[in-house]
Amino acid sequence: MKYFLVGVFCLTSSCLFAQQDPGLFTLDANYFYGTILEHNPDIAHLITDHPTGLILSFNKKTYGHKPWESRYNYPDWGASFIYQDMKNQVLGENYGVYAHYNFYFLKRNLNFRIGQGIAYTTNPYEKETNYMNGAYGSDLMSTTYLMLNYKKENVFKGLGFQAGISLIHYSNANVRAPNNSTNTFVFNIGTNYLFDYSKEPNYQPSTESKKFTENIKYNLAFRTGVNESDIIGTGQFPFYNVSFYADKRINRKSAFQIGTDMFFAQFLKELIYFYSVAYPERNVDPDTDYKRVGVFVGHELFINKLSVIAQLGYYVYYPYDFEGRVYNRIGLKRYFGDQFFGAITLKAHGAKAEAVEFGVGVRL
């Protein structure tokens, strides 16, 4: 599991920190106070108080020295650290590291941040000593946070402030059961400092042609990982997913996709056998095929060498009913050259995660 979660952070940060833009940077600190959202009744007993914590961040400024920067209104990129006291003995405390982007709107007064990384929890599920923790089945987890701030930089000699709201998510994506996860909604307030504020350059206007298209491209991707069913103790098993799809890039930012997936999940094979033996009243045939085939449509958002993918699929071959016929996938791709890519994606059924997928592929 640890290798997959580390991969999420490394894939993102490799794209961010490979850039050599000479722009300035800021440091910011936020204190937050909030509540755990009851997205699942199985975590209701864990919501006993209001979590608090700190968000510390490094932000590299961009000024249009590369074409993609002006395309996205000169975003920041950087790294964050989050400490969160869950205010519940069962849940403990969480420590997370992230790679993030900051996007600006409304004359750069509104700042939206998205961060992806890995987190360590001090008190995961343990069947004898912490069996009440149905949220975190492992000490390392995937974590995402969203932040929306009113932000002012360089108000006085480089010093600025921000205030807003954030959502912090922790989950191991069913790499190990249990995995009910948590989502914390918080109010945050803090300060920021722009280094070398007196040397801040002007933003460079875009020189790109606004019209841009590509011919249809064909993609082949292979994804793998390990996961476990929701039944604690059934064990972790590898899975193998193969995807073939076509995409059409309509501008510099967006491409639309259509394709097919083939899923070979060993945990599902074990789950079918488990139900056939442990619950004979369900009339599950132990020889039921565990393989699935789906078709999907999707969108890819290109940000420099990094892209964000979102796909919605439907199983056309579905011998065993597991979480419904509709599935979705969201994640990150990192291109190496014009053709090859690596990817970290989350496959789910609605809000119910099935697996973190580590993939490689080619786009021709």
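Located above this text is the structure these notes cover.
**With respect to unusual backbone geometry**
Cis geometry is found at the peptide bond from Ala177 to Pro178, where omega equals 0°. Inspection of the secondary structure puts Pro178 in the loop between strand E7 (159-171) and strand E8 (182-194). A positive phi angle, close to 60°, is found at Tyr74, a residue other than glycine. Following the sequence through the fold, Tyr74 ends up in the loop between helix H2 (67-71) and strand E3 (76-85). Residue classification places Tyr74 among the buried positions, given a relative accessible area of 12%.

**Things to note about the sheet that holds strand E4 (residues 93-105)**
Spatially, the eight strands close up into a barrel ordered E1-E2-E3-E4-E5-E6-E7-E8, and their pairing is antiparallel. Across the sheet, the mean angle from the axis of one strand to that of its neighbour is 25°, orientation sign disregarded. The sheet contact formed by strand E2 (residues 52-60) and E3 spans nine bridges and is antiparallel. The residue of E3 that forms the bridge with Gly53 is Gln84.

**With respect to the side chain of Asp261**
By the secondary structure assignment, Asp261 is in strand E11 (residues 254-265). Note on Asp261: relative accessible area 1%, which makes it buried.

**Section: the pattern of salt bridges**
Here the structure, examined in full by the defined rule, presents 17 salt bridges. The residue Lys61 makes a salt bridge to Glu153 at a minimum N-O spacing of 2.9 Å. In this pair, Lys61 sits in the loop between E2 and H2 while Glu153 sits in strand E6 (residues 140-156), placing the two residues 92 residues apart along the sequence. For Lys61, a relative accessible area of 1% puts it in the buried group. With a relative accessible area of 23%, Glu153 lands in the partly exposed category. A salt bridge links Glu354 to Arg292; the shortest N-O distance between them is 2.9 Å. You can see Glu354 sitting in strand E16 (residues 352-363) and its partner Arg292 sitting in strand E12 (residues 292-303), a full 62 residues away along the chain. Taking relative accessible area as the criterion, Glu354 reaches 5% and is therefore assigned buried.

Rules of the game
Residues numbered from 1 in each chain as written. Predicted model: local features only at pLDDT ≥ 70, side-chain atom pairs only at ≥ 80, totals over all residues. Heavy atoms only, no water. Helix = DSSP H or I, 4+ residues; strand = E, 2+ residues; numbered from the N terminus. Buried < 20%, exposed > 50% of the residue type's maximum accessible area, 1.4 Å probe, protein only. Pairing = 2+ DSSP bridges. Axes fitted to C-alpha atoms, helices over the stretch in contact; angles between N-to-C directions. Salt bridge = Lys/Arg side-chain N within 4 Å of Asp/Glu carboxyl O.

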